[in-house]
Amino acid sequence: MATGSEKVTAFEIKGLKQLLRVLNKLPKDLQNDVRDASQAIANDLGAGAKNAAATPQQQLAATGLKVKRDRIPTIKASGTIRPGLKAGDIFFGSEFGGGARPTTQQFPPHRGTRGYFLYPTARARGSKYFGMWAEAVDKAFKDWDYRAQ
């Protein structure tokens, strides 16, 4: 639960659950087309975030960004960056900052939800990515012969 000093940012994409249910009804080849487009978007976002990472710590954290093949563009920080260092150990501090506690002094100043490299890249390219994804979904629906099912 958030206290008065914490800022909570949440958003909802209306109709996403319903759209994903409908996408599940598409033939596998059309689902794969949507997954290919989503993966291309996530790959571009990951590459852009790695380029935007300014400090050595951010660059190291960005190496932990992994693309997941899904119907929507999905990127996450996971895996082991190097022995003894998991992506989750440094990603969130490198992306959002820290410094309020002794255990987060190694991170840049806390910036809330603005982020340092991944989130700014996603916001800057969001309209482009949405257009690419919507085009892939529209094409899949146009190619779908729903009466054949």
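Bear in mind that the values here come from a model prediction, so they are computed numbers and not experimental data. (Residues numbered from 1 in each chain as written. Predicted model: local features only at pLDDT ≥ 70, side-chain atom pairs only at ≥ 80, totals over all residues. Heavy atoms only, no water.)

1. Overview of the side chain of Q58
By the secondary structure assignment, Q58 is in helix α3 (residues 56-62). Looking at Q58, the relative accessible area reads 4%, which means it is buried. Within the local environment of Q58, its side chain forms a polar contact with the backbone nitrogen of A54, the two atoms lying 2.9 Å apart. With residues near it in sequence (within four places) discarded, Q58 still touches A53, S94, P108, Y116 and F117. (Helix = DSSP H or I, 4+ residues; strand = E, 2+ residues; numbered from the N terminus. Buried < 20%, exposed > 50% of the residue type's maximum accessible area, 1.4 Å probe, protein only. Polar contact = N/O pair within 3.5 Å; in protein donor to acceptor, adjacent residues only side chain to side chain. Contact = heavy atoms within 4.5 Å.)

2. Some points on the packing of helix α1 (residues 16-23) against helix α5 (residues 118-143)
Here α1 crosses α5 at 45 degrees, and the two axes come no closer than 12 Å. Accordingly, the angle class assigned to the pair α1 and α5 is oblique. α1 and α5 meet at a crossing whose hand is left-handed. Packed against α1, whose contacting residues are L19, V22 and L23, the element α5 presents W133, V137 and F141 at the interface. (Axes fitted to C-alpha atoms, helices over the stretch in contact; angles between N-to-C directions. Parallel < 35°, antiparallel > 145°, perpendicular 65-115°, else oblique. Left-handed = near helix turned anticlockwise from the far one by under 90°.)

3. Quick notes on the pattern of salt bridges
What the rule picks out here adds up to seven salt bridges. Between R71 and D70 there is a salt bridge, with the nearest N and O atoms lying 3.7 Å from each other. With relative accessibility at 15%, the residue R71 sits in the buried group. Given a relative accessible area of 15%, D70 falls into the buried group. For K139, the salt bridge identified is with D143, shortest N-O distance 2.6 Å. One end of the pair is K139 and the other is D143, both in helix α5 and four residues apart, which spans about a single turn. A single salt-bridge network, built from bridges that share partners, covers R35, K68, D70 and R71. (Salt bridge = Lys/Arg side-chain N within 4 Å of Asp/Glu carboxyl O.)

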